[in-house]
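Architecture and fold: a report
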Amino acid sequence: MEKHVNIVKEEFRTDVTLNRVANFAHTAPRKFPSAARQYLLDKLPIIQWLPRYSPSWLLQDFMAGLTVGVLLIPQGLAYAKIATIPIENGLYSCWVPAAVMVFMGTSKDLSTGPTSILGLLTAEIIRDLKNEYTPTDISSAVAMMVGIWSLLIGLLGLGFLLDYVSIPVLTGFISATAFVIGMGQVGSLVGLSNVPDGAFNQLANILRRLPHWDGPTCGIGFGTMVVLLILEQIGKRWGNRHFAIRYISSSRAIIVMVIFTLISYLVNKDRDDYLWGISEVNTHGIQHPKAPGAVLLSKVVARSIAPLVACTLEHQAVGKAFARRNHYAIDQTQEFNYLGVTNIVNSFFGVMPVGGAISRTAVNSECKVKSPLNGAVTAGFIILTLYVFSPALYWLPKATLAAIIIMAVIHLFGPLSLIWRYWRISLADFIACMVAFWVTIFVSAEIGIGAAAGWSVAWTLLRSAFVTPSIHASKTSDASGTFQPLARIPTQQQSTTLTENVGGPAIPDDTVVVRFGDSLFFPNANRNKVDALEAIQLVYPSVQNPHYSVESERSWSVAAERRLQRLRNQRGVVMRQMPLAVVVWDFGMVPFIDATGITTLAELKDDIRRQLGFGVQIRVVGMVPGVRRRFARANWKLADADGLIDGDADIVYPSLERAIWDERDRDSLKGITTEKV
């Protein structure tokens, strides 16, 4: 009894998981105060950069903040129109992100606010719930849930989940949303109402009603587009010559808004029946805070995942791109926290979800912004607009707003050359791009990005499941291709890279090298075992094995033997006369193994010795420390080739040559002999 108790005690004493928990419980209280202090510092980056702030940066930060604030006015109004909420709520969405950025942002360039993609995704949710709640309440609830999800991702470090949304998926999704958004604005551009849903339905309806297009509205809309295009081309051609030209080009949206709002005011101020549709913006300062209802939040909790993905992916991508361009780094985890806090606080003021926008960020960077302090200027200007300047926006033509949106989303459409590049590089990436594009157009944006991301995950799992080992042996007289030449591939061992001689080492006739090509875990473990065993059985003869049951007891089933014989005939395999003596497992490309992988390797070892000879040695090479620890925790006996050798242990070699050429019969206390070359 005492012996069994001691065995149980030893198991608990050496258990890796229990030791980890005990070590954490012992060290956590001691480390908590310093860790908590560092945690708070990380969550408020202003504490770190403000003491280093130079007064000489104030002018550039002021100009950058003012410029972004000016840009936010037309963009906020336009993207609120896409979201199908009152357009003044777009302005309400702009000041909190800029203010919170000062305290929590880790990017000096990033401009956070409404975006066209978030507008479209919010509009789809509003469309399904508008019979129960007001559009403003729905968009505020979506903003709060996006904030909650984002904050959870940041606090729990789950940002890696977004890596499953690949670049081709984003290309297809963003291109489709640009097309859907653009087509949704054409009706307002030409003065048509009652335009149906669906991009292609809208296109057909607008073309069919061509004779009913409103002339004055078309003049305002197409005139806005022409001015925007001219200012853009001026910036591209002469923007590098002077900052003022580049500034005017970047601010073209606010310029056309001022011009055509003034025209609209002069034409319509004395008319009872306006000549074209006007926006009738009506703001009375900052709205009183109001929390979204719990029932409404429960209805949008799942629907808000698509806006979350679009928001965080665009935000992180833009932030990283401009940080790299301007030679600094952002904290991606902290940016999740910033987005979370921003959207949660913002949701109390009747807003739509917000995230980083590339156009405003580019302008901010061009203004040579020096710190996140520019957000204070942006927030101040937006608040000033809400209280002072907003009455002038009453006369803003709807066609001008539609033209601003169309010209903005045109640049989001992925070039055909990029899609062709996906086709040339990877069919799977091309399919992912097309799934995102067409499902977004014909179904919805949230299902489009979900379907494409699902395809990416499924493809990743399929690739993992169909990874197979490469089998190497001495050159045979047949051309079956059963065994491949042993190429020059680095083999890792104890964090050291050992490169085999050019062309690979020669292999004796009684030896096979099994080179695993990826992690060995549950999706691919059995396939690796089956492929390795089958390749060996095709060439090497079976050996009667006294340590297992008599062969005649298993002879009732001959399907496996017939399959092997059929494959030999099909491939022209010539059986070897020499029995198998050594199988080398090359783990050089195996960074991870799980319980299924270890169990399957044990089965492979047992099958090799049962069918090809009990004396077949299993030798291991290239095993990284993490994988070797897994074997030790599974009680798999391994011994180093240069140390004391347990007779039951499989030998781990420092190089592939030694594993291949070491002597076949080893004494338990015998070391390595001279290598055979």
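See the structure above.
Here we look at the overall build of the protein chain
Scanning the protein chain from terminus to terminus reveals 27 helices and 10 strands. Taking 26 Å as the expected radius of gyration for a compact globule of 677 residues, we find that the protein chain reaches 34 Å, considerably beyond that expectation. With the C-alpha coordinates of the protein chain rotated into their principal frame, the extents come out at 105 × 65 × 55 Å. Restricting the contact set of the protein chain to residue pairs at least 6 apart, pairs at least 24 apart contribute 80%. Of the roughly 33200 Å² that the protein chain leaves accessible, carbon and sulfur atoms contribute 61%. For the protein chain, the separation between the mean place of its 61 positive charges and that of its 52 negative charges on side chains is 5 Å.

Topic: the packing of helix H9 (residues 167-190) against helix H19 (residues 398-410)
Remark: H9 packs on H19, axes separated minimally by 9 Å, with the N-to-C direction vectors making an angle of 160 degrees. Classified by the angle between their axes, H9 and H19 sit roughly antiparallel to one another. Crossing of H9 over H19 shows left-handed handedness. Note on element contacts: H19 touches H9 through Lys 398, Ala 399, Ala 402, Ala 403, Ile 405, Ile 406 and Val 409, opposite Ala 178, Ile 181, Gly 182, Gln 185, Val 186, Ser 188 and Leu 189.

Let's talk about the packing of aromatic side chains
In this description, an aromatic ring pair is defined by two values, namely the gap between the centres and the angle between the planes. Scanning the model with the defined rule gives 22 aromatic pairs in all. Where Tyr 274 meets Trp 395, the ring centres are 5.6 Å apart and the plane angle is 75 degrees; that geometry is what we call edge-to-face. With a gap of 121 residues between them, Tyr 274 in the loop between helix H13 (252-268) and helix H14 (294-300) and Trp 395 in the loop between helix H18 (374-389) and H19 connect regions that are remote in the sequence. On the accessibility criterion, Trp 395 (16% relative accessible area) is buried. Summarising the aromatic geometry, the rings of Phe 631 and Trp 636 are spaced 5.0 Å apart at their centres and angled 70 degrees between planes, so their arrangement reads as edge-to-face. Across the pair, exposure class does not vary: Phe 631 and Trp 636 are buried alike.

Looking at the side chain of Ser 111
You can see Ser 111 is positioned in the loop between helix H6 (95-104) and strand S1 (112-113). Residue Ser 111 is classed as buried on the basis of its relative accessible area of 5%. Side chain to side chain, Ser 111 and Arg 360 meet in a polar contact 3.0 Å long. Residues in contact with Ser 111, not counting those within four places in the same chain, are Val 68, Gly 355, Gly 356, Ala 357, Arg 360 and Thr 361.

Overview of unusual backbone geometry
Of note, His 327 is a non-glycine position whose phi angle comes to about 65 degrees, a positive value. Within the element layout of this structure, His 327 appears in the loop between helix H15 (305-325) and helix H16 (332-346).

Conventions we followed
- Per chain, the residues get numbers from 1 upward, laid out in the order the sequence is written.
- Residue-level local features of this predicted model are given only where pLDDT is at least 70; pairs of side-chain atoms are given and counted only at 80 or more, and the full residue set underlies all totals for whole chains, interfaces and linings.
- Derived side-chain values reflect all non-hydrogen atoms in the structure, with water molecules and hydrogen atoms excluded from consideration.
- Comment: elements are numbered from the N terminus, with helices defined as DSSP H or I runs of at least four residues and strands as E runs of at least two.
- We take the radius of gyration over the C-alpha atoms and set the globule estimate at 2.2 Å times the residue count to the 0.38 power.
- We call two residues contacting when some pair of their heavy atoms lies within 4.5 Å.
- Note that accessible areas follow from Shrake-Rupley with a 1.4 Å probe, and for residues the cover is restricted to the protein chains shown.
- As used throughout, the charge tally considers Lys and Arg to be positive and Asp and Glu to be negative, leaving His and the chain termini uncounted.
- Every charge is mapped onto a representative atom, which is NZ of Lys, CZ of Arg, CG of Asp or CD of Glu.
- Under this scheme, a helix contributes an axis fitted over its contacting stretch, all axes are lines through C-alpha atoms, and angles between N-to-C directions fall in the 0 to 180 degree range.
- If an angle is under 35 degrees, it is roughly parallel; if it is over 145, roughly antiparallel; if it lies from 65 to 115, roughly perpendicular; otherwise it is oblique.
- Working rule for handedness: look at the near helix, and if it is turned counterclockwise from the far one by less than a right angle, call the crossing left-handed; if clockwise, right-handed.
- Between 30 and 60 degrees the pair is tilted, below 30 it is stacked and above 60 it is edge-to-face, where a pair is any two Phe, Tyr or Trp rings, Trp via its six-membered ring, whose centres lie within 6.5 Å.
- Each residue is assigned to one of three classes by its accessible area relative to the maximum for its type, calculated with a 1.4 Å probe on protein chains only: buried under 20%, partly exposed between the two thresholds, exposed over 50%.
- In protein, a polar contact means a hydrogen-donor-capable atom and an acceptor-capable atom, both N or O and within 3.5 Å, with residues adjacent in sequence counting only if both atoms are side-chain atoms; elsewhere, any N or O pair within 3.5 Å suffices.

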